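Residue strings, one per chain:
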Amino acid sequence: MKKHLLRNTLLTFVLLTISFSLHAQTSVLTMELNNNWEFRQTGTTAWLPATVPGTVHTDLLNNKKIEDPYYRLNERSIQWIDKVNWEYRTNFSLSAEMAQKQNLTMEFEGLDTYADVFINDHLVLSAENMFRTWNIDVKNHLKQGENQVRILLKSPVVIGLQKQEVLGFGLPAGNDQSVVGGLGNNLVSMYTRKAGYHFGWDWGPRLVTSGIWRKVHLKAWDSQKIESIHIVQNSLGVKSALLKAEVEISADRESKQNISIKVNNIGTTSLVLYIQKGTHIYPVDFEIKNPKLWWPNGLGEQMLYKITAVLGNDQAVVDSKSVQTGLRTIKLVRNPDADGKGESFYFEVNGRPVFMKGANYIPNDVFLPRVTPEKYEAVVKTAAQSNMNMLRVWGGGTYEDNVFYDLCDKYGILVWQDFMFACSMYPGDPDFLDNVKNEAIDNVKRLRNHPCIALWCGNNEIETMWAQWDEKAGWGYKQLYNKQQREIIWKAYDDVFHHILPDVVKDFAPDQPYWHSSPSAGFEKLAGYETRSGDMHYWGVWHGLHPFSDFRKYKARFMSEYGFQSFPEFKTVQKYTIPSDYTIESEVMASHQRSGIGNLRIKQYMEADYKIPSDFEQFLYIGQVLQAEGIKMAIESHRQAMPYCQGSLYWQINDCWPVASWSSMDYYQRWKALQYFSRDAFKNTIISTIEENGKIKIFGISDLMAPQKGLLKLKLIDFQGITLWEESVKTQLPANSSEVIFETDTTELISLVGRTKCLLVATFESGKNLIDTDYHYFAKVKDLKLTNPVIKLDIQENPDAYSVTIHSENLAKNLFLTSTNSEVQFSDNFLDILPGESVIVTCPKTIGIEEFKRGLVYLTVYDTMK
């Protein structure tokens, strides 16, 4: 049904600033249908208990019909699950009160994916999109008393093969692990509107799920129901925010009705509307005086306003709906450079340019219903604690649950939101395009009120993959097709990413920017390592075998992807292996590594900078340090290039299963070395040391709007703590930018002792405050003349935490603390501890102190070089 914005149907308009008391109940009744489900494989007789929300795989696991898919090689033995059909059913009792309502609708927040829904054996819905919310009129199919819902879930693989046959030729999908699924070269992921990573990726398994993956509700109402609210900022000033609530209302008859807008229990705007039959949008203007702004993490508070629309009055509330939002402006600024050869690409928030610091984000599990609010919060809170202000929700996963965006609002984490398309070309038939359009409308409407939403992006890497405008560029796919096929494939791309998706954003969230593909140098401009506009995915390091130093060479206007892999720590590896698997080339370790070049590529880079440990556990540890040092170099290089470069999002913050990957926290949410290193590199104000062309340069980098005067202290010391040279310089950190604040000749600096026996310690102090400390080594770690650090640990018990004082007699390089008998995260880790100094770290108290002492162990780089 077409929805209209009604602007001229107001009978009266009265602006009130009165106290309004909401009744707890409205005339719209809701029943959750998430209990007493059971399931079976179609064609079998035994029904088994099922969990909703859930998946077929997890229900089979809970019923002990399959083994843990993440353990060793179990993934391989359960590929049959996605090639058969499954059925779910539940019975429920409909009360007389609900049955007597004029309207009954059943809402499925998520069906994965091809789902025929039967109510009392009547087909009421054939769903074909995992990402959509489905609302069904079931008034004529339900009765008072007992009713049954049955859902037939059809194999996405079988249907995908059918769709491929209809198309007449296959489509490319760079990460579809069809061979693991027993399909040979038949790639089917792109035909189904379903999370692409379920078909495998270069960091995830192939486990193609089906299920009722989000909640099910039954709603009963009489004449009117609020469907959605969109909060539009007309103007935002210091003293006043003029806003408009676009309230979408469904009605089965024409009537007059009072509508009120309530803001954080402070006053109400109220007016009388002429409600038309059908679904329409009704604008209501209101004001917030002395508004408080929502700011990204690290730049201010995250003020949130709860805005409630109420139909009816305080004696008879027909319906009410609330949204939470923040007041802020955001722009994607793309201005031509003065020389006409490039274009800026940065986000302006509340009128000021903001350097985006963060990471790419993938789903937290293959089995999405297992991701609890607590797990979501652990990831988003980690981002905030790591001084990030942006996460990129990548296009091969899913539009996340509401709780994820609520948490991003709370913690000040902006979201670069991809639409769910990645590394594939897609069909372009009318049914597919209509499905995509409705998917986009559903999710833009669901997420548009969140202040965290910074940008909508059409897809991940498809523009550069296909490379329409350069016959020699791309990943080699378009050359596999004839002229007619290429025209068909490109038209589908053009329809989706240049027309359907931007039109949806323009129509439903016109104040939010749209970017057609990532990476891109602009419309019909392919991104490359040398382009001076748009965003870049830099994979010279890792895929291209470029040295880490090339992170300094290739810097774009916005670095939206780059990365390097590491293994999870030994405790995590133990969860999916047995001791015979403890080698990086074992079958199990290779299976838990989905980048074809993976484990040996880590070793290859490690050989350049570190001595290769023979011990497996030590190898995992050095792998994490290697990753952390490399990505720290990248982050600081990007920040050194401010304001030319205005964003640095590494790949990736999290994992969807236990695996060697590019993540900075593993599947069990244990911080890797990279998480600690990125926290330091993303601080608002840092100093950063580089060595090039025979010079030592120290950059002062700041995200703050005012310059910061202070004292730069420099000291050259050997690994036993003897000071060889020192100097202090009065200087300042620039305002919201980067500049060199100190420079000296390298040769003269290290002439006294040589490159392998010393380090430069730089600190910046402002008044009595230590702003940052940076260490610079003059040789590769494998060449450093490290000596036994002689570590002493002193553990003290506090009411809810333990403090561990670590004293090192000589330099301790990358000291790693872990507890073998408790699950704790230390306040700092993988530390360089200077000779003769002590560092205090803390962790939560989860076990007794004597037990904690027995389980506390440490490791340093020196231990791996013996």
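Look up: the structure comes first, before these words.
Basis of the calculations
Residues numbered from 1 in each chain as written. Predicted model: local features only at pLDDT ≥ 70, side-chain atom pairs only at ≥ 80, totals over all residues. Heavy atoms only, no water. Patch = residues over 30% accessible without salt bridge, like charges linked within 9 Å, V, L, I, M, F, W, Y side chains within 5 Å. Areas by Shrake-Rupley, 256 points an atom, 1.4 Å probe, with all protein chains shown as cover. Salt bridge = Lys/Arg side-chain N within 4 Å of Asp/Glu carboxyl O. Lys, Arg positive; Asp, Glu negative; His and termini not counted. Charge placed at Lys NZ, Arg CZ, Asp CG, Glu CD. Helix = DSSP H or I, 4+ residues; strand = E, 2+ residues; numbered from the N terminus. Phe/Tyr/Trp six-rings, centres within 6.5 Å; stacked < 30°, edge-to-face > 60°. Buried < 20%, exposed > 50% of the residue type's maximum accessible area, 1.4 Å probe, protein only. Lys NZ or Arg CZ within 6 Å of the ring centre and 35° of its normal. Polar contact = N/O pair within 3.5 Å; in protein donor to acceptor, adjacent residues only side chain to side chain. Pairing = 2+ DSSP bridges. Expected span 1.5 Å × (residues − 1). Arc of directions from axis to C-beta. Contact = heavy atoms within 4.5 Å. Axes fitted to C-alpha atoms, helices over the stretch in contact; angles between N-to-C directions. Parallel < 35°, antiparallel > 145°, perpendicular 65-115°, else oblique.

(A) Seen up close, a negative patch on the surface. A cluster of acidic residues, Glu128, Asp429, Asp431 and Asp434, forms a negative patch at the surface. Position of glutamate 128 among the secondary structure elements: in strand E9 (residues 122–128).

(B) Quick peek at the packing of aromatic side chains. According to the stated counting rule, one finds 56 aromatic pairs in the structure shown. Ring centres of phenylalanine 347 and phenylalanine 558 lie 5.9 Å apart, and the angle between their planes is 75°; on these two criteria the pair is classed as edge-to-face. Of this pair, phenylalanine 347 sits in strand E23 (residues 346–349) while phenylalanine 558 is found in the loop between strand E30 (536–537) and strand E31 (559–561), placing the two residues 211 residues apart along the sequence. Relative accessible area serves as the criterion here: at 0%, phenylalanine 558 is assigned to the buried category. A network of ring pairs unites the aromatic residues Tyr529, Tyr538, Trp539, Trp542, Phe548, Phe551, Tyr554, Tyr562, Phe564, Tyr605 and Trp662 as a single cluster. We note arginine 89 situated over the ring of tryptophan 47; from NZ or CZ to the ring centre the distance is 3.9 Å.

(C) Local environment of the environment of lysine 553. Looking at the element boundaries, lysine 553 is found in the loop between E30 and E31. Sequence spacing of lysine 553 and alanine 634 is 81 residues, and the spatial spacing of their C-alpha atoms is 9.8 Å. In terms of polar contacts, lysine 553 uses its side chain to reach the side chain of tyrosine 554, at 3.4 Å.

(D) Spatial organisation of the pattern of salt bridges. Inspection of every chain in the model, using the stated rule, returns 44 salt bridges. With a shortest N-O distance of 3.2 Å, arginine 150 and glutamate 87 are connected by a salt bridge. Of the two residues, arginine 150 is situated in strand E11 (residues 145–154) and glutamate 87 in strand E6 (residues 86–94); the sequence distance between them amounts to 63 residues. There is no split in this pair, since arginine 150 and glutamate 87 are both buried. With a closest N to O distance of 3.6 Å, lysine 866 and aspartate 863 form a salt bridge. Among the charged side chains, a salt-bridge network with shared partners connects Asp337, Asp339, Arg532 and Arg557.

(E) Here's a closer look at the pairing of strand E42 (residues 812–819). Among the eight residues of E42, eight are classified as buried, and the element is accordingly described as predominantly covered. As paired elements, E42 and strand E43 (residues 831–833) share two bridges and run antiparallel to each other. In the sheet register, alanine 812 faces E43, and the bridge partner there is isoleucine 833. Summarising the sheet, E42 and strand E45 (residues 856–859) pair through four bridges and their orientation is antiparallel. Bridge pairing in E45 links leucine 817 to tyrosine 858.

(F) Molecular detail of helix H12 (residues 598–609). Here H12 spans 18 Å end to end across twelve residues, near enough to the 16 Å set by a 1.5 Å rise per residue. Within H12, the full set of buried residues consists of Gly598, Asn599, Arg601, Ile602, Tyr605 and Met606. Viewed along the axis of H12, the buried residues span an arc of 160°, placing them on a single side of the element. Along its buried surface, H12 packs onto helix H11 (587–591) and helix H13 (616–640).

(G) Fine view of the sheet that holds strand E39 (residues 769–777). Read across the sheet, four strands follow the order E36-E35-E38-E39 without closing on themselves; strand pairing throughout is antiparallel. The outermost strands of the open sheet, each flanked by one partner alone, are strand E36 (723–733) and E39. Pairwise comparison of adjacent strand axes, ignoring direction, gives a mean angle of 15° for this sheet.

(H) Summary view of the sheet that holds strand E44 (residues 838–844). Strand order in the open sheet formed by three strands is E40-E41-E44, with antiparallel pairing between adjacent strands. Two strands bound the open sheet, and with one partner strand each, they are strand E40 (791–797) and E44. Neighbour-to-neighbour, the strand axes of the sheet open up by a mean angle of 20°, direction not taken into account. By the bridge criterion, seven bridges tie strand E41 (residues 801–808) to E44 in an arrangement that is antiparallel. Bridge pairing in E44 links alanine 801 to proline 844.

(I) Expanded view of the packing of H12 against H13. The geometry of H12 relative to H13 is characterised by a closest axis approach of 10 Å and an angle of 75° between their N-to-C directions. Between H12 and H13, the interaxial angle falls into the category roughly perpendicular. Across the interface between the two elements, Ile602, Lys603, Tyr605 and Met606 from H12 touch Phe619, Ile622, Gly623 and Leu626 from H13.

(J) Inspection of the side chain of aspartate 535 at higher detail. Summarising the element assignment, aspartate 535 is placed in the loop between strand E29 (514–515) and E30. Buried aspartate 535, no salt bridge; nearest opposite-charge side chain is arginine 392, N-O distance 6.2 Å. Separated by 2.6 Å, the side chains of aspartate 535 and serine 560 make a polar contact. If we ignore the near neighbours within four places in the chain, the residues touching aspartate 535 are Phe345, Trp416, Trp515, Ser517, Ser518, Pro519, Ser520, Ala527, Phe558 and Ser560.

(K) Structural view of the side chain of threonine 105. Mapped onto the elements, threonine 105 comes out in strand E7 (residues 103–108). Once residues within four sequence positions are removed from consideration, threonine 105 is found in contact with Ile136, Asp137, Val138, His217, Leu218, Lys219 and Trp221.

(L) Seen up close, the pairing of strand E4 (residues 38–41). The pairing of E4 with strand E5 (residues 48–49) spans two bridges and is antiparallel. By the bridge assignment for E5, glutamate 38 is matched with proline 49. Hairpin connection of E4 to E5: six residues between the antiparallel strands, including glycine 43 at a positive phi of 95°. The pairing of E4 with E6 spans four bridges and is antiparallel. If you follow glutamate 38 over to E6, its bridge partner there is arginine 89.

(M) Seen up close, helix H6 (residues 402–411). Of the positions making up H6, those classed as buried are Phe404, Tyr405, Leu407, Cys408, Asp409 and Tyr411. Of the surrounding secondary structure, the elements contacted by the buried residues of H6 are strand E25 (356–361), helix H5 (373–385), strand E26 (390–393), strand E27 (414–418), helix H7 (430–447) and strand E28 (453–457). Positive backbone phi, approximately 80°, marks glycine 412, located one or two places after H6.

(N) Summary view of the environment of glycine 721. Counting through the fold element by element, glycine 721 comes out in the loop between strand E35 (708–718) and E36. Residue glycine 721 is classed as partly exposed on the basis of its relative accessible area of 32%. Residues glycine 721 and cysteine 758, 37 residues apart in the sequence, show an inter-C-alpha distance of 9.1 Å.

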